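Now for the letters of each chain:
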Amino acid sequence: MNIKRNILLNPGPATTSDEVKHAMLMPDICPREEEFCLLMESVKQDLPKIVNGGADYTSTLFAASGTGGIESAITSAVPCNGRLLVIDNGAYGARMAQIAKRYAIYHVVYKIPYGDYPDVTDIEKIVIDEKITTVSIVDHETTTGMRNPVQEVCEIAHRHGSEIIVDCMSSFAGLPIDLRKWGAEYIISSSNKCIEGMAGLSFVIFQKSLLEKIKGTARSFYFDLYAQYQGFQHAGQMQFTPPVQVIYALRKAIDLLFAETYQGRINRYKENYSTLKDETQKLGFQFLLKDEYQSGILLYFTRHNLVSCVPVQKVGNSMTSTSLNYHNIYH
Ligand SMILES: Cc1ncc(COP(=O)(O)O)c(C=O)c1O
């Protein structure tokens, strides 16, 4: 069956391949069946491998969009008397602060304008002065296309005995991530961005050694990371109904990523990015960020007071732009 191929230019859900779409057409299955539990287990085990997480990392899936995974990490990982630092230089940094606020978790926000690069010296000072227990940062701030200094912030956090939560929503499987280098305690992503699966699953990859520490800290019932993990351990299942077809699609998407290789995918995105950047430059657009801060997988360009955002994870060469009013993005 041929499925019409639309090239989506929004930052996700991303365009998916026919293989991923077809993977969802499976006979109905009770998600409590062993066959399905094994499928979920294989996905859970492969996710940390993608980002070089060794045997000390594990992962847990939630039926949710990416925000669910962030909510799970923040509400489970910050200790009851903990102090969270949120680094906010875009809408997704701001969202982490909103989550903390909603759950009345003590937090400090290092807030700088959209498109500004975080100053790690300032961050270190806040970590020390505010006795921060947990730092949260967005790896690739999708609202600007900036790659934040996660490696340095991980080093700062660890130097001062803090843990770190990294939102890798739009970088996982699209930009180089090495958990052995970062040593990040928690990273989060979803099924529908650079991994090129369907929307509906969020996952948290975290260090196994933290499990005992987060037992009982969750402020949320549904997004209790510890309880969800235990559900998988004891019954091989999610606590609540899983999005069955989306999991089949994610399994296929992971297989396709392994076949393409992580580096192969990065190269493909880089190539698309260069084409997009060259062509938009020729048309007279200006870019929001300086070259050294561009992630290289998503581009913001401006002209006549318009900002357009085009991600480049899409396979193929057809690229047009979607234009958004500047104020809709920033205010
Ligand atoms: C960096 C980042 N964090 C969080 C999210 C939120 O994910 P979702 O819309 O799937 O809840 C997104 C979505 O684009 C994102 O790019």
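Residues numbered from 1 in each chain as written. Predicted model: local features only at pLDDT ≥ 70, side-chain atom pairs only at ≥ 80, totals over all residues. Heavy atoms only, no water.

**Thoughts on the packing of helix 5 (residues 120-129) against helix 6 (residues 150-159)**
Just so we agree on the cut-off: Fitted lines through C-alpha atoms give the axes, limited to the stretch in contact for helices. The angle between two N-to-C directions lies from 0 to 180 degrees. Each helix is a run of H or I in the DSSP string that is no shorter than four residues. Each strand is a run of E no shorter than two, and both are numbered from the N terminus. Oblique is the label for any angle not covered by the other classes, which are roughly parallel (under 35 degrees), roughly antiparallel (over 145) and roughly perpendicular (65 to 115). In this scheme the crossing of two helices becomes right-handed for a clockwise turn of the near helix relative to the far one and left-handed for an anticlockwise turn of less than a right angle. Any pair of residues with heavy atoms lying within 4.5 Å of one another is described as a contacting pair. Each residue receives one of three labels: charged for Asp, Glu, Lys and Arg, nonpolar for Ala, Val, Leu, Ile, Met, Phe, Trp, Tyr, Cys and Pro, and polar for the others, Gly being one of them.
Close contact between helix 5 and helix 6 brings their axes to 10 Å; oriented N to C, the two are set at 25 degrees. As far as their axial angle goes, helix 6 and helix 5 are roughly parallel. Along this stretch, helix 5 crosses helix 6, giving a crossing that reads as right-handed. On helix 6, the residues that touch Val120, Ile123, Glu124 and Val127 of helix 5 are Glu152, Val153, Ile156 and Arg159. Taken together, the residues of the contact of helix 5 with helix 6 break down into five nonpolar, no polar and three charged.

**Considering the packing of aromatic side chains**
What counts is decided by this rule: Geometry of aromatic contacts follows a simple scheme: Phe, Tyr and Trp rings, the Trp one being its six-membered ring, pair when their centres are within 6.5 Å, and the pair is stacked under 30 degrees between planes, edge-to-face over 60, tilted otherwise. Relative accessibility under 20% of the residue-type maximum defines a buried residue, over 50% an exposed one, and the middle range a partly exposed one, all with a 1.4 Å probe and only protein chains included.
Overall, the coordinates contain ten aromatic pairs when judged by the stated rule. Residues Tyr222 and Phe223 carry aromatic rings whose centres are separated by 4.9 Å and whose planes lie at 80 degrees to one another, so their mutual orientation is edge-to-face. Its relative accessible area of 13% is what places Phe223 among the buried residues. Among the aromatic residues, those joined into a cluster by ring pairs are Phe62, Phe221, Tyr222, Phe223 and Phe240.

**Side note on the domain arrangement of the protein chain**
Our working rule: Note that domain bounds follow an automatic or database assignment of domains. A simple way to read buried area is as the amount of 1.4 Å-probe accessible surface that goes missing from two parts once joined, with both sides added. Within this document, salt bridges are pairs made up of a side-chain nitrogen of Lys or Arg and a carboxyl oxygen of Asp or Glu, the two lying within 4 Å of each other. Polar contact is defined as a pair of N or O atoms within 3.5 Å, subject to the rule that within protein one atom must be able to donate a hydrogen and the other to accept it, and that residues adjacent in sequence are counted only when both atoms are side-chain atoms.
The domains assigned to the protein chain are domain 1 (19-257) and domain 2 (262-330). If you average the C-alpha positions of domain 1 and of domain 2, the two centres end up 25 Å apart. On the side of domain 2, 17 residues touch domain 1, which itself brings 26 residues to the contact. Across the interface of domain 1 and domain 2, roughly 1800 Å² is buried in total on both sides, 61% from carbon and sulfur atoms. Summed over the shared surface of domain 1 and domain 2, the result is two salt bridges. Between Arg268 and Glu196 there is a salt bridge whose closest N-O contact spans 3.2 Å. Summed over the shared surface of domain 1 and domain 2, the result is eleven residue pairs in polar contact (both at pLDDT 80 or more). Contributions of two or more residues to the side of domain 1 that touches domain 2 are made by strand 6 (146-147) and helix 10 (244-260). Each residue belonging to the side of domain 1 that touches domain 2 can be placed in one class, and the counts come to 14 nonpolar, nine polar and three charged.

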